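Residues per chain, in single letters:
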Amino acid sequence: MRIMTSCPSCSSEKVRRGGMAIWLTYVALIVLAIPAVLVFHLNAAIVALIMVAAVVMAHLIFNLRVCLDCGTQFKG
Ligand SMILES: [Zn+2]
């Protein structure tokens with residue numbers, strides 16, 4: 001198991017978790033959460049908890065990292 005992850009294309013160690021799939025998940029969650037609270041009157045705290053759980057799940061499922069130097073997205 002590697003502790004430091006480096007970019008496969010430029011070997012930079014300036015990488016962070018993220019990527020387009022994660023951002024699309026965030027956007028989808030926000031789009032779903034607003035009507036859930038406003039229209040269906042779900043408890044905002046419960047919706048927030050579900051969103052946090054979904055974000056954690058998305059990170060585990062996609063497992064994507066982004067290089068801050070060259071922008072490459074890779075599994076890691
Ligand atoms: Zn890179």
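Throughout what follows, the structure given in this document is the object of discussion.

**Some words on the overall build of the chain**
Along the chain, the regular secondary structure elements total 2 helices and 3 strands. Starting at the N terminus and walking to the C terminus, you meet the elements of the chain as β-α-α-β-β. For 76 residues, the compact-globule estimate of 2.2 N^0.38 gives 11 Å, and the chain exceeds it by more than 25% at 16 Å. With the C-alpha coordinates of the chain rotated into their principal frame, the extents come out at 50 × 25 × 15 Å. In the chain, the proportion of contacts linking residues at least 24 apart, taken out of those at least 6 apart, comes to 61%. Split by element, the accessible area of the chain, about 5,400 Å² in all, is 73% carbon and sulfur.

**Quick look at helix α2 (residues 44–62)**
Between the first and last C-alpha of α2 there are 26 Å, a value that for 19 residues agrees with the 27 Å anticipated at 1.5 Å per step. Every buried residue of α2 is accounted for by V47, V55, A58 and H59. Within α2, the buried residues cover an arc of 115° as seen down the axis, which keeps them to one side. Exposed residues pointing more than 90 degrees away from the buried face of α2 are listed as L49, I50, L60 and I61. A side-chain oxygen of the first residue of α2 lies 2.9 Å from the backbone nitrogen of A45; this N-cap is N43. One or two positions beyond α2, positive phi appears at N63, with a value near 50°.

**Structural notes on the coordination of the zinc ion**
Summarising the metal site, the zinc ion is bound by the protein donors C7 (SG), C10 (SG), C67 (SG) and C70 (SG), whose distances to it range over 2.2 to 2.3 Å. Bound by 4 donor atoms, the zinc ion shows angles of 106 to 118° at the metal and therefore tetrahedral coordination geometry. Here the donor residues for the zinc ion map to a single chain with the spacing C-x2-C-x56-C-x2-C. What makes C70 partly exposed here is its relative accessible area of 40%.

How each quantity is defined
Residues numbered from 1 in each chain as written. Predicted model: local features only at pLDDT ≥ 70, side-chain atom pairs only at ≥ 80, totals over all residues. Heavy atoms only, no water. Helix = DSSP H or I, 4+ residues; strand = E, 2+ residues; numbered from the N terminus. Rg over C-alpha atoms; globule rule 2.2 N^0.38 Å. Contact = heavy atoms within 4.5 Å. Areas by Shrake-Rupley, 256 points an atom, 1.4 Å probe, with all protein chains shown as cover. Expected span 1.5 Å × (residues − 1). Buried < 20%, exposed > 50% of the residue type's maximum accessible area, 1.4 Å probe, protein only. Arc of directions from axis to C-beta. Polar contact = N/O pair within 3.5 Å; in protein donor to acceptor, adjacent residues only side chain to side chain. Donors = N, O, S within 2.8 Å, 3.2 Å for Na, K, Ca; no water. Tetrahedral: all angles 85-135°; square planar, octahedral: opposite > 155°, others 65-115°.

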